[in-house]
Amino acid sequence: MTGQPTLARRMLGYLVPHRKTLMVAIACMCVYAVFNAASLYFMKPVLDNLFFAAKGDVTITIPYINWTFTFSDRLKFLKIISIAIAVAYLLRSAAAFGQEYLMMKSGMRILQQLRSDLFNKYTRMPLEFLEGQRAGKLLSVNLNDVAVVYSALIRLVTDTILQPLVIVFLVMLAVSQA
């Protein structure tokens, strides 16, 4: 059990050189979470207007900002809210792409560094060790096992940041609707 924190610290050490890229990716995750909730929020007035249409003005209030918009023309309201939904989905998708691209960019560099470190370790090993190993096993470790570690590291970073953000913004949306 004492070796686990050291291993985790070593694995997180591979993230440190990429902290700027990872910070931009985290910002993209925040934008994704906000517009994920916004796209859902904008659907409610559309459904209310289509299925539960009452006579009179249509009012929409953006929660936590307290901006209120009132529309007397329902068709104009539907046009504007449709554009808002499209923009929210577009920004959410752009943020998801940016986050995925930046994480993959960092991940590929981390994978390259892991493989380089492993290769350097192999070159410093005594010949007796290398003679006792099968070449296929060493190659498998360098190609497959390192890729599994890379995948787990990137997914861990993404899932521990993105999913809680999405949950927080969706809960905030649910609380504002209650």
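Above this text is the structure in question.
The notes below deal with the structure included here. (Residues numbered from 1 in each chain as written. Predicted model: local features only at pLDDT ≥ 70, side-chain atom pairs only at ≥ 80, totals over all residues. Heavy atoms only, no water.)

Moving on, we come to the overall build of the chain. Per the secondary structure count, the chain includes five helices and two strands. Seen in sequence order, the chain has helices and strands lined up from the N terminus as α-α-β-β-α-α-α. Relative to the 2.2 N^0.38 estimate, which gives 16 Å for 178 residues, the radius of gyration of the chain is 25 Å and therefore markedly larger than a compact globule would have. Taken along the three principal axes of its C-alpha coordinates, the chain extends 85 × 30 × 25 Å. (Helix = DSSP H or I, 4+ residues; strand = E, 2+ residues; numbered from the N terminus. Rg over C-alpha atoms; globule rule 2.2 N^0.38 Å.)

Residues in a regular strand point their side chains to alternate faces of the sheet. The pairing of strand E1 (residues 58-62) with strand E2 (residues 67-71) spans five bridges and is classified as antiparallel. For threonine 59, the partnering residue across the bridge sits in E2 and is threonine 70. Counted between consecutive antiparallel strands, the loop separating E1 from E2 contains four residues, among which tyrosine 64 sits at a positive phi close to 70°. (Pairing = 2+ DSSP bridges.)

With respect to the helices, strands and loops of the structure, glutamine 99 is situated in helix H3 (residues 74-124). Contacts of glutamine 99, omitting those with residues within four sequence positions, involve Ala25, Cys28, Met29, Thr158 and Leu162. (Contact = heavy atoms within 4.5 Å.)

A cluster of nonpolar side chains, namely Leu40, Met43, Leu47, Phe51, Phe52, Tyr89 and Leu170, defines an oily patch on the protein surface of about 680 Å² accessible area. The element that contributes the greatest number of residues to the nonpolar patch is helix H2 (residues 19-51), accounting for four residues. Take leucine 40: it is sitting in helix H2. (Patch = residues over 30% accessible without salt bridge, like charges linked within 9 Å, V, L, I, M, F, W, Y side chains within 5 Å. Areas by Shrake-Rupley, 256 points an atom, 1.4 Å probe, with all protein chains shown as cover. Salt bridge = Lys/Arg side-chain N within 4 Å of Asp/Glu carboxyl O.)

As a further point, take H3. For H3, spanning 51 residues, the distance from its first C-alpha to its last is 74 Å, which sits close to the expected 75 Å at 1.5 Å a residue. Where H3 begins, one side-chain oxygen reaches toward the backbone nitrogen of leucine 75, 3.4 Å away; that side chain belongs to aspartate 73. (Expected span 1.5 Å × (residues − 1). Polar contact = N/O pair within 3.5 Å; in protein donor to acceptor, adjacent residues only side chain to side chain.)

Side chains that are nonpolar tend, in soluble globular proteins, to be buried together. Leu15, Met103, Ile110 and Leu114 are the most contacted members of the largest nonpolar core, which has 26 residues in total. Counting only elements with at least two residues in this core, the list comes to H2, H3 and helix H5 (135-177). Top element by residues in this core is H5. It accounts for nine residues. Ignoring anything within four residues of it in the chain, the contact list for methionine 103 reads Leu22, Ala25, Met29, Ile154, Val157 and Thr158. Ala38, Tyr41, Ile62 and Phe71 belong to the second largest nonpolar core, which has 14 residues in total. (Core = buried A, V, L, I, M, F, W, Y, C linked by side-chain atoms within 4.5 Å. Buried < 20%, exposed > 50% of the residue type's maximum accessible area, 1.4 Å probe, protein only.)

Running from N to C, H3 and H5 point in directions that differ by 145°, and their axes come no closer than 9 Å. Considering how the two elements wind past one another, H3 and H5 form a crossing that is right-handed. Of the residues belonging to the contact of H3 with H5, the class tally is 19 nonpolar, four polar and three charged. (Axes fitted to C-alpha atoms, helices over the stretch in contact; angles between N-to-C directions. Left-handed = near helix turned anticlockwise from the far one by under 90°. Nonpolar A, V, L, I, M, F, W, Y, C, P; charged D, E, K, R; others polar.)

The next point concerns the packing of aromatic side chains. A complete count under the given rule lists three aromatic pairs for this structure. When the centroid spacing of 6.2 Å and the interplanar angle of 20° are considered together, the rings of phenylalanine 97 and tyrosine 101 count as stacked. Of the two residues, phenylalanine 97 and tyrosine 101 are both situated in helix H3; the distance of four residues between them amounts to about one turn of the helix. (Phe/Tyr/Trp six-rings, centres within 6.5 Å; stacked < 30°, edge-to-face > 60°.)

What is shown is where atoms sit, not what they do.
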